Amino acid sequence: MKIRVKFTKEGDLKFIGHLDVMRFFQKVLRRAGVAICYSAGFSPHQIMSFSAPLSLGLTSEGEYMDIEVSESGSSAEMLAKLNAHTVDGIRVLSWRLLPDGADNAMAGFAAADYTVKFRPGYEPEDLAQFWTEFEAFCGQDEIMVEKQTKRSVKQINIRPLIYQLKISEGEVFMQVASGSTNHLKPEMVFQAFYDSKGEELSPFALMIHRLEMYTDLGDENERKLVSLQDVGTDIL
Amino acid sequence: MRKLALTDEQLLSIEKPARYLGNEVNAVVKDKDSVDIRFAICFPDVYEIGMSHLGIQILYEMFNRRQDTWCERVYSPWNDLDKLMREEHIPLFALESQDPVKNFDFLGITIQYEMCYTNILQVLDLAGIPLSAADRTEEDPIVIGGGPCVYNPEPIAEFFDLFYIGEGETSYDELLDIYKECKKQGKSRRAFLEAAAGVPGIYVPGFYEIKYNEDGTIDEMVAINDHAPATVRKVIALDLDHVPYPDKPIVPFMKVTQDRVVLEIQRGCIRGCRFCQAGMVYRPVRERNIDFLKEKAANMLKNSGQEEISLSSLSSSDYSHLADIVNFLIENKGTGVNISLPSLRIDAFSLDVMSKVQDVRKSSITFAPEAGTQRMRDTINKGLTEEVIMSGAAEAFRGGWNKVKLYFMLGLPTETEADMEGISHLANRMAAVYFDEVPKEKRNGRVQINVSTSFFIPKPFTPLQWAVMYTPEEYERRARVVSTAMKGELNHKSLRYAWHDADVTILEGVFARGDRKVAKGIRRAYEMGCLFDSWTENFDYQKWLKAFEEVGLDIDFYTMRERSLEEVFPWDFIDAGVTKNFLKREWNRAMEAKVSPNCRAQCQGCGAATFGGGVCFEN
């Protein structure tokens, strides 16, 4: 059976790379005695795949991995089991059974929610003014940025990739297109804004937190975003 | 929640920040206000290397079992963080609490190889602890050195308050109890060191003075404090089944060099190879009980979730219950767990086991003949004959292996051109064995014999401790003799040859048999920027030469000088169990190319029996 696991990556664990998170979970599953399935062959490995890796330094409460197990207790039991074997910073939030034929967490990934705020000490002088200008900038019809491709530098419009944007209490909430075709990182929007003002954005200025990841169950005409965990169902 | 010692910006500016976080699964966190002793245990190299070391894991377990003690880990900050810490005046911190090492009661440093000496100074320096023990105050931690290099601690004696000579499981409880009592009574650092000098295995270098002869050799070592014993006898754990051993090894987030749980099946080695320091100083051989090992193996795998378990010992094939433990692991390891079996003699049994735990097509088998001719092997007492090597190889080739690694040493005493070329010829004959044993239709690609040589370094407490070393040019010439011979072999297309750097060899030689005078060279090299010298990309031989020249140290004195059998060595004050008389006997037998039987075959009276246990009392 295919299981989708949602987890957090917060606190000090934001400095752990993606491969290390994978290795971490391989060991959590073994310690917790989960009946994880292994690939065939001389050096079997756990059947496990992750959705979009988080860059070093970012935090998240909406990370996903898909695994295959031969048996499972109830979702509540499995959560308790896993959380007994993890560390501060990584908490397992859901354990859900995927329907047959569901896209894996990476292939189905279409959008993500983030909050972005300034790291203390890096705030613009007039924060309120900054957010007003930022909102106006994002409200334009077109935001052109340069994108380095393998062969050349291309101009692309990132405005259509911003699905939602809300500013409140010193931070911005953004829902942006993600995944293999159109992938927008929140910092790209900030970079574009700073570029438009001719100012420099410090690489440490932003604290970016991922809230959720979605798959798109709609069609060309209308998006229908469903969180990756809602593709699966709790095991009772 | 604990606060990291480094800021987000600092951690994001350096490579692999996971090295500095602590908080790994099974790391021990205590309330610092509820313990009496804070012990920082340090492996002076980068995290990935230090975390791969079993000794630290054992000591970590042992210290943290004490309610009154919290032991935390410290490793060398890599070059990038080293620079940042100096620029921004960040003191070196321990991983668990992220507190400055300077605030600890003890800083214990394990010294596993000579080329980490500058890193010891880095650790002290970044911690804000004076480099010389003589300059430390009541505010500084007590700095302890341990590990194999302390069998000659003299080149680094100046930097340590005390050395622990022997196995950590033995005297630490007594030492910590004394410390706690001294602290409670408000006694001085000196009073503690005087009390510590009476603990078995403890050497307080500051309590001794060295008198030199005119030629620079040692006249005598004099105790200048009433509490200091004339000789310091190593301490060992006789019963390895009732000493601390981890049940819950720390699980690093990042990939470390030895990413597996380690099961130490025995200590010491019966073989008596004359070049091998470990084989001498870890005597007598002591085996661990099979039930103890089974329990530990199961616990460690379960509590770590690691996917590999490795047996550890100097010579696993000599462990009495090897088949038992290996079969137990194969049957009970669970899916996806690998077993790694280093230090196995290649024979029918080991090949059978290996074929069960490895992919034969991908893996290689390893032989360490150490020398190319029988005369040379007899000289170093490597009791391995060419017949045994070739029959092992034949068996492996028939079993489907076609990759072989061969390890040799060059620069051994009495070595001739014939011995050097013998390395090449042996490799060539091994390739021929493949062609003889494996019919054409069964061959799976070409046989590959990878030969690698390192240069022999005479080590204290070995029968070859009297040996003369050579110049870097001479070492390289010897390597070229092998290389040239190899090109002329019939099966040269199946042979590959790599050799180690000769410059590092010279320095290791100086440190291995150096005296207290060497310390100023190490300090000067450190000041000039030498660091992580065991990392080829960091090692700067010219800088070392310049440092030694500036402080007036003559390298040749330590490497090229002929030592008489009567010379007083810097390490003679240590009683490591093996007597100097035994070592002399063995040196003389080496010069006659005579083999000595191993401990189980016939006792050689080395002196280790005085410990009262182990293989010496098996019968």
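Residues numbered from 1 in each chain as written. Chains lettered and ligands numbered in written order. Predicted model: local features only at pLDDT ≥ 70, side-chain atom pairs only at ≥ 80, totals over all residues. Heavy atoms only, no water.

(A) Spatial organisation of the overall build of chain A. Each helix and strand counted, chain A has four helices and twelve strands in total. The C-alpha extent of chain A, read off along each of the three principal axes, is 55 × 40 × 35 Å. Within chain A, buried positions represent 50% of all 236 residues. Across chain A, contacts joining residues at least 24 apart in sequence account for 69% of those joining residues at least 6 apart. (Helix = DSSP H or I, 4+ residues; strand = E, 2+ residues; numbered from the N terminus. Buried < 20%, exposed > 50% of the residue type's maximum accessible area, 1.4 Å probe, protein only. Contact = heavy atoms within 4.5 Å.)

(B) Summary view of the overall build of chain B. Scanning chain B for helices and strands turns up 20 helices and 19 strands. Relative to a compact globule of 619 residues, whose C-alpha radius of gyration would be 25 Å, chain B shows 25 Å and is just as compact. Seen along its three principal axes, the alpha-carbon backbone of chain B occupies a region of about 75 × 65 × 55 Å. For chain B, restricting intrachain contacts to residue pairs at least 6 apart in sequence, the fraction spanning at least 24 positions comes to 77%. When the accessible area of chain B is evaluated, it comes to approximately 23,800 Å², of which 49% is carbon and sulfur surface. Of the charged side chains in chain B, 74 are positive and 93 negative; the average position of the first set lies 4 Å away from that of the second. (Rg over C-alpha atoms; globule rule 2.2 N^0.38 Å. Areas by Shrake-Rupley, 256 points an atom, 1.4 Å probe, with all protein chains shown as cover. Lys, Arg positive; Asp, Glu negative; His and termini not counted. Charge placed at Lys NZ, Arg CZ, Asp CG, Glu CD.)

(C) Molecular detail of the confidence of the model for chain A. Averaged over every residue, the pLDDT of chain A is 93; the share at 70 or more is 100%. Here strand β6 (residues 144–148) of chain A stands out as the least confident element of chain A, with mean pLDDT 86; strand β4 (residues 92–97) of chain A is the most confident, with 98. (pLDDT = per-residue confidence, 0-100.)

(D) Layout of the interface of chain A and chain B. Of the residues lining the interface, 24 residues belong to chain A; the matching set on chain B comes to 34 residues. Both faces considered, chain A and chain B share a buried interface measuring about 2,600 Å² in area, 61% of it formed by carbon and sulfur atoms. At the junction of chain A and chain B, the tally comes to four salt bridges. Along the contact surface separating chain A from chain B lie ten residue pairs in polar contact (both at pLDDT 80 or more). (Buried area = accessible area lost by both parts, 1.4 Å probe. Salt bridge = Lys/Arg side-chain N within 4 Å of Asp/Glu carboxyl O. Polar contact = N/O pair within 3.5 Å; in protein donor to acceptor, adjacent residues only side chain to side chain.)

(E) How the structure looks around the environment of Val25 of chain B. Assignment of secondary structure puts Val25 of chain B in the loop between α1 (8–13) and β1 (37–43). Distance in space between the C-alpha atoms of Val25 of chain B and Pro252 of chain B is 7.2 Å, their sequence separation being 227 residues. Look past the residues within four positions of Val25 of chain B in its chain and what remains in contact with it is Phe24, Arg31 and Val87 of chain A together with Pro249, Ile250 and Val251 of chain B.

(F) Geometry of the domain arrangement of chain A. All names here are of chain A. On domain assignment, one finds that chain A holds domain 1 (2–107) and domain 2 (109–230). Each of domain 1 and domain 2 has a C-alpha centre, and the two are 27 Å apart. On the side of domain 2, twelve residues touch domain 1, which itself brings 20 residues to the contact. Buried area between domain 1 and domain 2, summed over both chains or domains, comes out near 1,500 Å², and the portion from carbon and sulfur atoms is 43%. Viewed at the interface, domain 2 and domain 1 are joined by three salt bridges. A salt bridge links Lys6 to Glu212; its shortest N-O distance comes to 2.8 Å. (Domains from an automatic or database assignment.)

(G) Inspection of helix α20 (residues 580–591) of chain B at higher detail. Residue and element names in this part refer to chain B. Over its twelve residues, α20 extends 16 Å from the first C-alpha to the last, a length consistent with the 16 Å expected when each residue adds 1.5 Å. Restricting attention to buried positions, one finds in α20 the residues Phe582, Leu583, Glu586, Trp587 and Ala590. The buried residues of α20 occupy one face: seen down the axis, they fall within an arc of 140°. In this structure, the buried residues of α20 make contact with α8 (277–281) and α12 (374–379). Taken from the residues just after α20, Ala593 is the one with a positive phi, measuring 55°. (Expected span 1.5 Å × (residues − 1). Arc of directions from axis to C-beta.)

(H) The side chain of Ser494 of chain B, seen in detail. Residue and element names in this part refer to chain B. With respect to the element layout, Ser494 can be found in the loop between α15 (472–487) and β18 (495–499). Residue Ser494 is classed as buried on the basis of its relative accessible area of 3%. For Ser494, the contacting residues outside a window of four places in its chain are Ala431, Phe435, Arg446, Val447, Gln448 and Ile449.

(I) Spotlight on the pairing of strand β10 (residues 206–216) of chain A. Residue and element names in this part refer to chain A. For β10, the tally of buried residues reaches eight of eleven residues, placing the bulk of the element in the interior. For strand β3 (residues 59–68) and β10, the ladder comprises two bridges, and the chain directions are parallel. Bridge assignment links Ser60 to a residue of β10, and that residue is Arg210. Of the pairings in the sheet, the one linking β10 to strand β11 (residues 225–227) comprises three bridges and is antiparallel in character. Looking at β11, one finds that Asp216 is bridged to Leu225. (Pairing = 2+ DSSP bridges.)

(J) Quick peek at the sheet that holds strand β10 (residues 261–264) of chain B. Residues and elements named next belong to chain B. Ordered by their spatial adjacency, three strands build an open sheet running β10-β13-β14, and the pairing between neighbours is parallel. The open sheet terminates on both sides in strands that have one partner only, identified here as β10 and β14 (338–340). Across this sheet, the average inter-strand angle for adjacent strands is 20°, counted without regard to direction. Sheet topology note: the β10/strand β13 (residues 308–312) ladder contains four bridges and is parallel. Pairing of Leu263 across the sheet is with Leu311, part of β13. (Axes fitted to C-alpha atoms, helices over the stretch in contact; angles between N-to-C directions.)

(K) The arrangement of the domain arrangement of chain B in detail. Residues and elements named next belong to chain B. Segmenting chain B into domains produces domain 1 (8–233), domain 2 (260–357 + 580–619) and domain 3 (359–500). Taking only C-alpha atoms, the centre of domain 2 and the centre of domain 3 are 23 Å apart. On the domain 3 side, the residues contacting the 25 residues of domain 2 number 29 residues. Of the roughly 2,400 Å² buried between domain 2 and domain 3 on both sides combined, carbon and sulfur atoms contribute 73%. Viewed at the interface, domain 3 and domain 2 are joined by zero salt bridges. Counting every contact that joins domain 2 to domain 3 gives seven residue pairs in polar contact (both at pLDDT 80 or more). At the level of secondary structure, the elements contributing two or more residues to the side of domain 2 that touches domain 3 comprise α8, α11 (348–357) and α20. With seven residues, α20 is the largest single contributor of residues to the side of domain 2 that touches domain 3. Along the lines of polarity and charge, the residues of the side of domain 2 that touches domain 3 split into 15 nonpolar, four polar and six charged. (Nonpolar A, V, L, I, M, F, W, Y, C, P; charged D, E, K, R; others polar.)

(L) Broad picture of unusual backbone geometry. Residues and elements named next belong to chain B. Across the junction of Arg283 and Pro284, the peptide omega takes the value -10°, indicating a cis bond. Along the polypeptide, Pro284 turns up in the loop between α8 and β12 (286–287). Look at Asn26: it is not a glycine, yet its phi comes out positive at around 75°. Overall, the relative accessible area of 22% leaves Asn26 in the partly exposed class. The backbone of Thr414 shows a phi angle near 70°, a positive value even though the residue is not glycine. Mapped onto the elements, Thr414 comes out in the loop between β16 (403–410) and α14 (417–437).

(M) Structural context of the sheet that holds strand β3 (residues 106–110) of chain B. Residues and elements named next belong to chain B. Here we have six strands laid out as an open sheet, ordered β2-β1-β3-β4-β5-β6, and mixed in their pairing. Each edge of the open sheet carries a strand with a single partner, namely β2 (69–75) and β6 (202–203). When β3 meets strand β4 (residues 142–146), the two strands line up parallel, connected through five bridges. Residue pairing across strands places Gly108 opposite Ile144, the latter belonging to β4. Each of β1, β2 and β3 is contacted by helix α3 (residues 54–65), which is oriented at about 155° to β2, the strand it contacts most.

(N) Highlighting the environment of Gln175 of chain A. All names here are of chain A. As for its placement among the helices and strands, Gln175 is situated in strand β9 (residues 171–177). On the basis of relative accessible area, Gln175 is assigned to the buried category, the value being 8%. Residues contacting Gln175, with those up to four places away along its chain left out, are Ala112, Asp113, Leu161, Ile162, Tyr163, Gln164, Tyr214 and Leu225. A polar contact is formed between the side chain of Gln175 and the side chain of Asp113, at a distance of 2.9 Å.

(O) Focus on the state of the cysteines. Residues and elements named next belong to chain B. As enumerated under the stated definition, the model contains zero disulfides over all chains in all. Lacking any disulfide linkage, Cys616 is separated from the closest cysteine sulfur, that of Cys606, by 6.1 Å. Here Cys616 falls in the partly exposed class, since its relative accessible area comes to 36%. (Disulfide = S-S within 2.5 Å.)

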